[in-house]
Amino acid sequence: MSGLLVAVVCALSLLAGAWAVAIVARDRRVGRPMLVGLGVVELAVLALVADGVAALAGGTRPVETATAIAYLVVAPFILPAGAFWALADRSRPSTLVIVVACFAVVVIAYRAFLLFAVTR
């Protein structure tokens, strides 16, 4: 798994999370620009998942293979679930769900990278 790709995913996700905090601070709701930004982060997450699947297919075996596979399966669903929640609720605190989702993507990407860095 590429460290550069993990860094890009983490940076984009932190940027989107900071943007969501700014939206909450300005007492706004999630709009189309925020959703487009989350879409860009989601594309990066999908590239990371593809990289992880390619590493597994290429013979890389993390020490905790089941956990690594679980991270790869769950990662693409975090941001869409957060965006769906924020759009369905439309209250000010629901925008904070996007902040939590963005932070969760950072944690998942970094943990997956650590699992793939230690192989058998």
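Source: prediction; values computed, not measured.

A. Geometry of the overall build of the protein chain. Along the backbone of the protein chain there are four helices and zero strands. The order of α-helices and β-strands along the protein chain, N terminus first, is α-α-α-α. Taken over C-alpha atoms, the radius of gyration comes to 15 Å for the protein chain, in line with the 14 Å a tight globule of 120 residues would show. Dimensions of the protein chain, computed from the C-alpha atoms along their principal axes, are close to 50 × 25 × 15 Å. For the protein chain, buried positions account for 38% of its 120 residues. For the protein chain, the exposed surface amounts to about 6,400 Å²; the carbon and sulfur share of it is 73%.

B. Quick look at a nonpolar patch on the surface. A cluster of nonpolar side chains, namely Ile69, Val73, Val74 and Phe77, defines an oily patch on the protein surface of about 370 Å² accessible area. For Ile69, the position within the fold is in helix α3 (residues 65-89).

C. Region of interest: the environment of Arg28. Relative to the assigned elements, Arg28 resides in the loop between α1 (3-25) and α2 (32-57). Residue classification places Arg28 among the partly exposed residues on the basis of a relative accessible area of 47%. Note: C-alpha distance between Arg28 and Val53 (25 residues apart in sequence) is 38 Å.

The rules behind the values
- Residues numbered from 1 in each chain as written.
- Predicted model: local features only at pLDDT ≥ 70, side-chain atom pairs only at ≥ 80, totals over all residues.
- Heavy atoms only, no water.
- Helix = DSSP H or I, 4+ residues; strand = E, 2+ residues; numbered from the N terminus.
- Rg over C-alpha atoms; globule rule 2.2 N^0.38 Å.
- Buried < 20%, exposed > 50% of the residue type's maximum accessible area, 1.4 Å probe, protein only.
- Areas by Shrake-Rupley, 256 points an atom, 1.4 Å probe, with all protein chains shown as cover.
- Patch = residues over 30% accessible without salt bridge, like charges linked within 9 Å, V, L, I, M, F, W, Y side chains within 5 Å.
- Salt bridge = Lys/Arg side-chain N within 4 Å of Asp/Glu carboxyl O.

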